[in-house]
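# A structural walkthrough
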Amino acid sequence: MVEKGKNLLERIREIKNLPTIPEIVFQVLRLIKDPSTSISEITRYIEEDPVITAKVLQVANSPLYRGTTEITSLNYAASRLGLAELEKIVLSLSLMKEIKGMTRQESRLFWRHCVSVALMADVVNSFSKNPIESHDPAKDDLFVGGLLHDIGLLVLRHHFSAEYEQVIIICEASDASLYETEKELLGTTHAEIGATLATNWNIPESVVAMIAFHHEPERSPDAFWRLAQVVNIADFICNNQGLGFSGEINIYKFSEIAWWQLGLNIEEVPKMLEKVREKSKESLLLTTIGI
Ligand SMILES: [Fe+2]
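Residues numbered from 1 in each chain as written. Predicted model: local features only at pLDDT ≥ 70, side-chain atom pairs only at ≥ 80, totals over all residues.

### Focus: the environment of Thr188
- Position of Thr188 among the secondary structure elements: in the loop between helix 11 (178-186) and helix 12 (190-200).
- For Thr188 and Ser220, which are 32 residues apart along the polypeptide, the C-alpha to C-alpha distance reads 16 Å.
- Once residues within four sequence positions are removed from consideration, Thr188 is found in contact with Leu8, Leu9, Glu182 and Ile193. (Helix = DSSP H or I, 4+ residues; strand = E, 2+ residues; numbered from the N terminus. Contact = placed C-beta atoms within 7 Å.)

### What about the nonpolar core?
- Of all hydrophobic cores here, the largest spans 80 residues; its most connected members are Val56, Met120, Ala121, Ala198, Ile211 and Ala234.
- Among the elements that line this core, the one with the most residues is helix 7 (residues 104-127), at 11 residues.
- For this core, the two domains that each supply at least three residues are domain 1 (2-15 + 103-284) and domain 2 (20-97).
- The residues touching Ala234, leaving out its near neighbours within four places in the chain, are Val117, Met120, Ala121, Val124 and Gly146. (Core = buried A, V, L, I, M, F, W, Y, C linked by C-beta atoms within 7 Å. Buried ≥ 20, exposed ≤ 12 C-beta atoms within 10 Å, placed from the backbone. Domains from an automatic or database assignment.)

### Here we look at the domain arrangement of the chain
- With domains assigned, the chain is organised as domain 1 (2-15 + 103-284) and domain 2 (20-97).
- For domain 1 and domain 2, the distance between their C-alpha centroids amounts to 25 Å.
- The interface is formed by 12 residues belonging to domain 1 together with 12 residues belonging to domain 2.
- For the side of domain 1 that touches domain 2, the secondary-structure elements that each account for two or more residues are helix 7 and helix 8 (138-148).
- Broken down by element, the side of domain 1 that touches domain 2 gets its largest block of residues, five residues, from helix 8.
- Its residues assigned to classes, the side of domain 1 that touches domain 2 comprises nine nonpolar, one polar and two charged. (Nonpolar A, V, L, I, M, F, W, Y, C, P; charged D, E, K, R; others polar.)

The following block contains the structure:
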């Protein structure tokens, strides 16, 4: 029998080997957010991690960024990429590390879903009325929120596989969504679990809110409702169109309030999809970090 109610969330909080954000990643993310930080201060931390260093150099030398000569200096690579791109690389590598216990195909689909929602969130925002402008840091947070929205599913699959399996069996035999079935059966959801994890990671509050409320944006605190609404719509479109798969079955609903408040137009969905397809073709996250 599945242990119900708060117990599961409490048990999650007590797990000692919950995915942790490595200290170096935490420091890099903290420095990136601090406007007084110089690139060389950030690269001093990155240099300590050979995997991140290699990835930053690899992305800086990809056709989209490289000039005529090969970039071998981490400092130069970091300034060529810019802080927002560095943040995406660092966070993506942390997320990928946690994709365990899945077949290669499942990992690919999970990863594709996360990146597609991140790209789609950006596109949904740009098609909405009064979009968040590119100079607003919330726009970068939107990408991160899209990328991490389903991270709670990784914790459920990995640490509570028996409970998760039961949720899937019941979900498959009904019309209820995975989210609703989790609520009913576990008394918590992957959204809540993901938000708990992100809070442990000291990820910005806005990103925690996107993870926590991506299925119910109307429950989001006012300051983040728009971000949560954008991720809700982006997630629905990606699921509906089969852009990757995170394991969420029976997703038939999106927040209609979000749709109207964002001022989206159904006839523009094909254009949004086209934009995401274009972006995924050139997405460094899919092409150079892809599993
Ligand atoms: Fe979800």
